[in-house]
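So you can see what is in the structure, the chains are spelled out below.
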Amino acid sequence: MVRNTTPGAKAAEAVLVILLALISFSSLFPIIHNLAISFSMPAKAMAGFVTVFPKGFTIESYKKLYEDSVFFSSFWVSVKRVVVTCAISFFISLLMSYPLSRSVREFKLRNVYMWLLVFSMMFNGGLIPFYLVVRQMHLMNNFWVLVLPMLVNVFNVILIVNYFRSIPKELDESAAMDGAGPWYKAFRIYMPLSMPVLATTTLFLIVTVWNEFMLGLIFINHESGIPLQTYMQQLVVRIDPTLMQSLEDVKRLASVSDKTLGAAKIFASMLPIMLVYPFLQRFFISGIMLGSVKE
Amino acid sequence: MRRKWSEQIHFNLMLLPGMLLILIFTIWPMGGIVLAFKHFIPTKGIWHSPWTGWENYSFVFDTPVALRVFKNTVIIALMKIAFGFLIPIVFALMLHELRFQWFKRVVQTIVYLPHFLSWVLLAGILRDLFAVDGIINQMLHSLFGTEQIMFMGDNFWFRTIIVGSDIWKEFGFGTIIYLAALTGINPSLYEAADIDGATRMQKLKYVTLPGIATTIVLVGTLSLQNVLNAGFDQIFNLYNTLVYDSSDIIDTYVFRSGIEEGHYEIGTAIGLMKSAVSFVLIIFSYSLASRFANYRIF
């Protein structure tokens, strides 16, 4: 490419860089601000001196967080939930994707299942019927209510199906010649070849499951069983000073108004996402594009 | 022939666990929509509760709330769709024009991040930022000497924050699809344009934009399906009684009337209406996308 180096072009380039830097900063500012508050002295944070850097650096809030047993029990519920959901979902999605990636000639009912899947993605009965069904199954206050509804992600299945279809047919045919059945082919041929897309869907599922708060909110009543996001939801968000009704509420507000502890909790809840983020970034761009590979 | 038959059975078996889950958690609840036309009596269950015809709907439409939540939903969703459509295109073009590759990567890494954080946590941060004694108010005060603004309790400001913070969270992620399309543009087109003496703006107009036109159409048509999705997670975690007039949407109303107050029929009735309209919108947007951008789901 011919480089344009007139003063005007250089100025335009500089403006562009500054603009992008400002936008990036504003993307990160709320998170940095929160981090700064969590490391500040409570009095200074309350007085509003903190912007980007902590004022009166202290790790006091994290020490307090360390003693908060409810935070850790819900953190643990969330970790357990993510691991269990992702592990089971990996196999269920893989098993669903293999038959669905066959042609109608090979698998007669393929399109029936496919349309059922797409229909389930496009239409739903709404929140209330779902709520009543789960209650009817006696899944209230059960750990599995946090897992089961999240196991099949139709979008992820379609992503895997499309990837499977991009794998040369000859591979499948020659394996069949050697006597491989569908299970063997799914696990020994398609699974190893599809690690990029399976990693993508798993990483996306980790984020989705970690961030999900609704199931815990409506189906779990006892404090020890709620996942972290539900705990955070009740703690940071749902307290509305204008709706204070009981002494209990006021007491809860008092503990929450410890701004630095709240900020520490928020940051600690983000940490797992930040930890998988580098891996996510490596995969999600290719992952999104994988969906567009079609016959 | 016998082998072929057993293969069919195995295919069905492989699909069984996933299909069972879909049946239980998606298809079965669809049966529950009959509740929209019944009077729910908990002891009798959904099936044996008496039918009431359209009574639930006439009840809903007799209250001013229905109009309010519908209006709020569409207004907020349309604003999000419009800005959420334009800003990623502009931002992707800005990144594309940038010559420093490492800087580009840093910017991308930063702006994608908010997409992956939950609204619960971001709402916690935003409530703090926009509080009456929050950092935004303090900055405004020291810069312009403005009085404290009650951002989270003011109908105009709150809706602005809803739309703005949604754009803030998602615009970076929205650029990915355009950046992928931009890398797909044949570099020789730019070289030819250079030889012909094209300026930067001319290259943008005649090479870059036509190169991503299909993607723009695709994203635009697919976004139409969200006309009734104003963003439950976000609003539910940010709103309060003071701003119901501007920001109470269908989903939050269904949650409050159904789950919190126990009016299951009302919640179901409104939810069904939303699902039905959304279904039509999805079909409409997919057919547009397949006609104009050659899009297929599978």
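Procedures and definitions
Residues numbered from 1 in each chain as written. Chains lettered and ligands numbered in written order. Predicted model: local features only at pLDDT ≥ 70, side-chain atom pairs only at ≥ 80, totals over all residues. Heavy atoms only, no water. UniProt positions renumbered as here; feature names shortened; annotations may be inferred. Helix = DSSP H or I, 4+ residues; strand = E, 2+ residues; numbered from the N terminus. Buried < 20%, exposed > 50% of the residue type's maximum accessible area, 1.4 Å probe, protein only. Contact = heavy atoms within 4.5 Å. Core = buried A, V, L, I, M, F, W, Y, C linked by side-chain atoms within 4.5 Å. Buried area = accessible area lost by both parts, 1.4 Å probe. Salt bridge = Lys/Arg side-chain N within 4 Å of Asp/Glu carboxyl O. Polar contact = N/O pair within 3.5 Å; in protein donor to acceptor, adjacent residues only side chain to side chain. Nonpolar A, V, L, I, M, F, W, Y, C, P; charged D, E, K, R; others polar.

The name recorded for chain B in an unreviewed UniProt entry is Putative aldouronate transport system permease protein, from Paenibacillus taihuensis. Among the UniProt annotations of chain B, the heading Subcellular location (unreviewed entry) holds the following wording: "Cell membrane". For the record of chain B, the UniProt heading Sequence similarities (unreviewed entry) holds the text "Belongs to the binding-protein-dependent transport system permease family."

Among the UniProt annotations of chain A, the heading Sequence similarities (unreviewed entry) holds the following wording: "Belongs to the binding-protein-dependent transport system permease family." Listed in UniProt under the heading Subcellular location (unreviewed entry), the comment for chain A reads: "Cell membrane".

### Focus: the environment of A:Val161
Residues and elements named next belong to chain A. Examined against the element boundaries, valine 161 turns out to sit in helix H7 (residues 154-166). In this structure valine 161 comes out as buried when scored by relative accessible area, which is 1%. Linking valine 161 and methionine 46, residues 115 residues apart in sequence, is a C-alpha distance of 52 Å. Ignoring any residue separated from it by four or fewer positions in sequence, one finds valine 161 in contact with Ser97, Leu100, Ser101, Arg110 and Met114.

### Here we look at the UniProt feature "transmembrane region" (unreviewed entry) in chain A
Residues and elements named next belong to chain A. Here, UniProt's "transmembrane region" (unreviewed entry) annotation points to residues 12-32, 112-131, 143-164, 197-220 and 261-280. Within the segment residues 12-32, helix and strand shares are 100% and 0% respectively, and the terminal C-alpha atoms sit 29 Å apart. Between the end C-alpha atoms of residues 143-164 the distance is 33 Å, and the span holds 50% helix and 0% strand.

### Some details on the nonpolar core
Counting residues in hydrophobic clusters, the biggest one holds 173 residues, and the most contacted among them are A:Leu20, A:Met96, A:Phe219, A:Met232, A:Phe284 and B:Phe116. The element contributing the most residues to this core is helix H8 (residues 155-183) of chain B, with 13 residues. Excluding residues within four positions of it along the chain, A:Phe219 makes contact with A:Phe130, A:Tyr131, A:Val134, A:Met140, A:Asn141 and A:Val145. Grouped together as the second largest cluster of nonpolar side chains are seven residues, B:Met30, B:Ile33, B:Tyr57 and B:Leu272 included.

### A few points about the interface of chain B and chain A
Each partner contributes residues to the interface: chain B has 89 residues there, and chain A has 109 residues. With both sides pooled, the region where chain B packs onto chain A buries about 9000 Å², and carbon together with sulfur makes up 76% of that total. At the boundary of chain B and chain A, one finds three salt bridges. The closest approach of N and O atoms between B:Arg99 and A:Glu13, which form a salt bridge, is 3.4 Å. For the interface between chain B and chain A, the tally reads 15 residue pairs in polar contact (both at pLDDT 80 or more). Considering each element in turn, the side of chain B that touches chain A owes the most residues, 21 residues, to helix H1 (residues 2-31) of chain B. The residue inventory of the side of chain B that touches chain A, partitioned by class, reads 60 nonpolar, 18 polar and eleven charged.

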